[in-house]
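Descriptive structure summary
The primary structure of each chain is shown beneath.
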Amino acid sequence: LDTRHVVTQKIFNMQGIMTKQGREAKTWKVRFFIIKGTVLEYYENEKAMNQNKDPKGTFDLKADTSISKQGFTFDSENKSVRHHGLRITSAKEQRTLYCYPNTEEEQCQWHDALVAVVDQVKAAAGSS
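Just so it is clear, the structure is predicted and the values come from calculations on it, not from any experiment.

**Regarding the packing of aromatic side chains**
Counted according to the given criterion, the structure contains three aromatic pairs. Between W28 and Y100, the ring centres sit 5.5 Å apart and the planes meet at 50 degrees, which makes this aromatic pair tilted. You can see W28 sitting in strand 2 (residues 28-36) and its partner Y100 sitting in strand 7 (residues 95-100), a full 72 residues away along the chain. Here W28 falls in the partly exposed class, since its relative accessible area comes to 28%. On the basis of relative accessibility, which here comes to 11%, the residue Y100 falls in the buried class. Each ring, one from F33 and one from Y42, has its centre 5.3 Å from the other, and the planes form 35 degrees; the classification is tilted. Taken as a pair, F33 and Y42 share a single burial class, namely buried. Members of the aromatic cluster, connected to one another through ring pairs, are F33, Y42 and W110.

This is the structure we're talking about:
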C-alpha cells in the first residue's frame, strides 16, 4: 500500500496587463504578466509573449514568497491617484516586485491566483 501523499498540481491560467515598478530605475512600466507553473513572467506586451520572445523578467513563486494587497498613491501634477497594487516578496532572494492591475477586481484575482500557487508550492514541499 502506497501511503505517500499525492499533491495535485493545479494550473493557474492567470494573465493580463499590470503596471510594474522597475528594479533599478523606479519608473512604472506597463507589462503583460502570465503565471506559468510556479513562475510569474512578464513581457513587454501580449504580442511579445505570443511570438515566444524571452520575457522581460520573471519572479519565482516559492514557499517563502509573500503576496499582499497594497494601495499605491501617486501625486501626479497635484492629483492624487490611487492604484490597487500588489507587493510580491521573496525573502530568500531579497527581492520585491511592486505592480498593479487596472481594477480592484483584477487585484483580487491576481492576489488569489498568486497565493494559490505559493500555497501549492508549500504543500508540495511539505509532502516530500
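The structure having been displayed, the exposition proceeds.
**Comments concerning the pairing of strand 3 (residues 39-43)**
Within strand 3, five of the five residues are buried, which leaves it mostly tucked inside the rest of the structure. Sheet topology note: the strand 2/strand 3 ladder contains five bridges and is antiparallel. Bridged to I34 within strand 3 is E41. Here strand 2 folds back onto strand 3 in antiparallel fashion, the turn holding two residues, of which G37 has a positive phi close to 65 degrees. Relative to strand 4 (residues 57-60), strand 3 runs antiparallel, the two sharing four bridges. When the bridges of strand 4 are listed, V39 appears paired with D60.

Calculation criteria
Residues numbered from 1 in each chain as written. Predicted model: local features only at pLDDT ≥ 70, side-chain atom pairs only at ≥ 80, totals over all residues. Heavy atoms only, no water. Phe/Tyr/Trp six-rings, centres within 6.5 Å; stacked < 30°, edge-to-face > 60°. Helix = DSSP H or I, 4+ residues; strand = E, 2+ residues; numbered from the N terminus. Buried < 20%, exposed > 50% of the residue type's maximum accessible area, 1.4 Å probe, protein only. Pairing = 2+ DSSP bridges.

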